[in-house]
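Overview (structure and organization)
Below are the chains, spelled out letter by letter.
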Amino acid sequence: MKMLCGLSNPTSGNATIAGFDIYRDTEKIKRSIGYMSQKFSLYEDLTVIENIKFFGGIYGLKDREIEVKGNILVEQLNLGDEAKKLVGSLPLGWKQKLAFSVAVLHEPKIVFLDEPTGGVDPVTRRQFWDLIYAAADRGITVFVTTHYMDEAEYCNRISMMVDGVIKALDTPTRLKEQFSAASMDEVFYELARGAKRKAD
Amino acid sequence: MGEVALHNLRKTYNKDTVLAVSDVSFTVKKGELFGLIGPDGAGKSSIFRMLTTLLLPDGGSASVNGYDIVKDYKEIRKSIGYMPGKFSLYQDLSVEENLNFFATVFNTSIEENYELIKDIYVQLEPFKDRRAGKLSGGMKQKLALCCALIHRPVILFLDEPTTGVDTVSRKEFWEMLKRLKEQGITILVSTPYMDEATLCERIALIQDGKIMSIDTPEHIVSQYPDPLFAIKSDNMSHLLGALREHPLVKSCNAFGEYHHISFLATSEEVKKELLSLLADKEFKNAELKPIQPTIEDCFIQLMNH
């Protein structure tokens, strides 16, 4: 994911993001994508509004756009009362929903989500996927990593990675058929078992 | 009296403005495998830190192995093993050095209690000279468990041992816990993964510092208030919204391939009517089948009440 976002150089091979080459066009790529990770997403010591302004600016939005879109965002997420509070004081689930909304504020072509729902409660996890679905409906391509196997089933297509190798790539339904498995967890278990790194 | 007993245990942070653990009471029996299930910020780690005498409670009381967590902290520290959520071994010591260190701290040796950790340690032995910081997630977790066990504790506290660990290692870890339980060790384990709840004998579902339910996983599932169904069709994301707006639908939640749905009335006519209604819209190939609720269904239901 870091290579695709232009943050790390590949050792070999090629890739394009939104038509841009990941070696040559890293700046153009950065302007076409949104990125959210579980670890770093928002500044804890800035308020909700300040974070929106900051990231809106980073993603190249004009002040007027940031204000309009920011207000809509705050309303959609029901953050009216918290808009002037520090992000650090919000519950984890709210932070994650806010971080995602900020990552798509500039309507990127593609949004990369690196384990966005780790440790979040089951209700918030589902609200989070509602936001992802809404973004996909607007035409944004969503590239997400997760280690919750049940979440894999929300995706149109998934690739299963074991030790740096793509072991399977297909729709969840077809993968389950192929492995005669009842769940994605079983599919992954079949793929990963015995394939564990020798140097583990 | 239980091996671990909590009475209205309370913990606040930030000068009483944040209530992390809200008057929690429960008992864990000797030799039990007990799970504390809840998301980040629910209060799991605060409970573990109070029980392991690393944090003082702001109200209530608790005993561990018959000892008071405030008065008798020295006795408790001798008789328990604790594996914190964050990897806390010495990254720049080797596997063997870490284990030796923890054995020495507790006035024992690897040899003395080797039998207890043998099953787990044999998997680590090929890497015993490797620095702990260079191990994979699954191996770190196994080493941390060995270090928590090396003084043969009566009670084991494991705070989110499987978070961030791959599926295969997670399964292996639960197998290890079962074997430890057979040796008579009482185990308290916390996890944010709802699917791991069924591997415990009894569980407490915790949210916002409060226990929502304590029972065996089977009992919690059997107390789900409504018949539950799984539904799928084309356009799953739109289906969710459409079903939630339907007047006869009580709840509808996304569960991967299917949505889980309960009705205000569950006659056959209701279901037929719903399916034909869906077929008229963009939701072709609709399928509806009765299912057993999972712990996650129960958790969501309890959270919404």
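Look up: the structure comes first, before these words.
The shown structure was predicted, so the numbers you read here are calculated from the model rather than taken from an experiment.

This part takes up a nonpolar patch on the surface. A grouping of Y90(B), F101(B), V105(B) and F106(B) is seen on the molecular surface, where their side chains present a nonpolar patch of about 350 Å² in accessible area. Within the element layout of this structure, Y90(B) appears in the loop between β6 (80-83) and α3 (95-105).

Residues and elements named next belong to chain A. Running from amino to carboxyl end, helix α2 (residues 48-58) crosses helix α3 (residues 63-76) at an angle of 135°, the nearest separation of the two axes being 10 Å. With respect to their mutual orientation, α2 and α3 come out oblique. For the crossing formed where α2 meets α3, the hand is right-handed. On α3, the residues that touch I49, I52, K53, G56 and G57 of α2 are I66, G70, L73 and V74. Tallied by class, the residues present in the contact of α2 with α3 amount to five nonpolar, three polar and one charged.

What follows deals with the sheet that holds strand β12 (residues 249-255) of chain B. Residue and element names in this part refer to chain B. A sheet is described by the order of its strands in space; here four strands give the open sequence β12-β13-β11-β14, paired in antiparallel fashion. In the strand order of this sheet, the two ends are held by β12 and β14 (287-291), each with one partner. The average angle at which neighbouring strand axes cross in this sheet is 30°, direction not considered. In this structure, strand β11 (residues 228-232) lies alongside strand β13 (residues 258-263), joined through three bridges in antiparallel fashion. Bridge pairing in β13 links F229 to I261.

It is worth spelling out the packing of helix α5 (residues 122-137) of chain A against helix α10 (residues 295-303) of chain B at this point. Here α5(A) crosses α10(B) at 95°, and the two axes come no closer than 9 Å. If you check the angle between α5(A) and α10(B), you find them roughly perpendicular. In this structure, α5(A) uses P122(A), V123(A), R125(A) and R126(A) to contact α10(B), whose residues at the interface are E296(B), F299(B), I300(B) and M303(B). Per-class residue counts for the contact of α5(A) with α10(B) are five nonpolar, no polar and three charged.

What follows covers the interface of chain A and chain B. Taken together, the 29 residues of chain A in the interface contact 31 residues of chain B. The interface formed by chain A and chain B contains five salt bridges. At the junction of chain A and chain B, the tally comes to nine residue pairs in polar contact (both at pLDDT 80 or more). When residues of the side of chain A that touches chain B are traced back to their parent elements, those giving at least two are α5, α6 (149-152), α7 (172-178) and α8 (184-192) of chain A. Sorting elements by how many residues they give to the side of chain A that touches chain B places α5(A) first, with seven residues. Among the residues making up the side of chain A that touches chain B, the classes are represented as twelve nonpolar, four polar and 13 charged.

Another aspect to go through is the nonpolar core. Counting 63 residues, the largest nonpolar core has I52(A), L98(A), F100(A), M160(A) and I261(B) as its most contacted members. Excluding residues that lie within four positions of it along the chain, F100(A) makes contacts with M36(A), V111(A), L113(A), F128(A), L131(A), I132(A) and A135(A). Counting residues in hydrophobic clusters, the runner-up holds 48 residues, among them A144(B), V189(B), C200(B) and L205(B).

Calculation criteria
- Residues numbered from 1 in each chain as written.
- Chains lettered and ligands numbered in written order.
- Predicted model: local features only at pLDDT ≥ 70, side-chain atom pairs only at ≥ 80, totals over all residues.
- Heavy atoms only, no water.
- Patch = residues over 30% accessible without salt bridge, like charges linked within 9 Å, V, L, I, M, F, W, Y side chains within 5 Å.
- Areas by Shrake-Rupley, 256 points an atom, 1.4 Å probe, with all protein chains shown as cover.
- Salt bridge = Lys/Arg side-chain N within 4 Å of Asp/Glu carboxyl O.
- Helix = DSSP H or I, 4+ residues; strand = E, 2+ residues; numbered from the N terminus.
- Axes fitted to C-alpha atoms, helices over the stretch in contact; angles between N-to-C directions.
- Parallel < 35°, antiparallel > 145°, perpendicular 65-115°, else oblique.
- Left-handed = near helix turned anticlockwise from the far one by under 90°.
- Contact = heavy atoms within 4.5 Å.
- Nonpolar A, V, L, I, M, F, W, Y, C, P; charged D, E, K, R; others polar.
- Pairing = 2+ DSSP bridges.
- Polar contact = N/O pair within 3.5 Å; in protein donor to acceptor, adjacent residues only side chain to side chain.
- Core = buried A, V, L, I, M, F, W, Y, C linked by side-chain atoms within 4.5 Å.
- Buried < 20%, exposed > 50% of the residue type's maximum accessible area, 1.4 Å probe, protein only.

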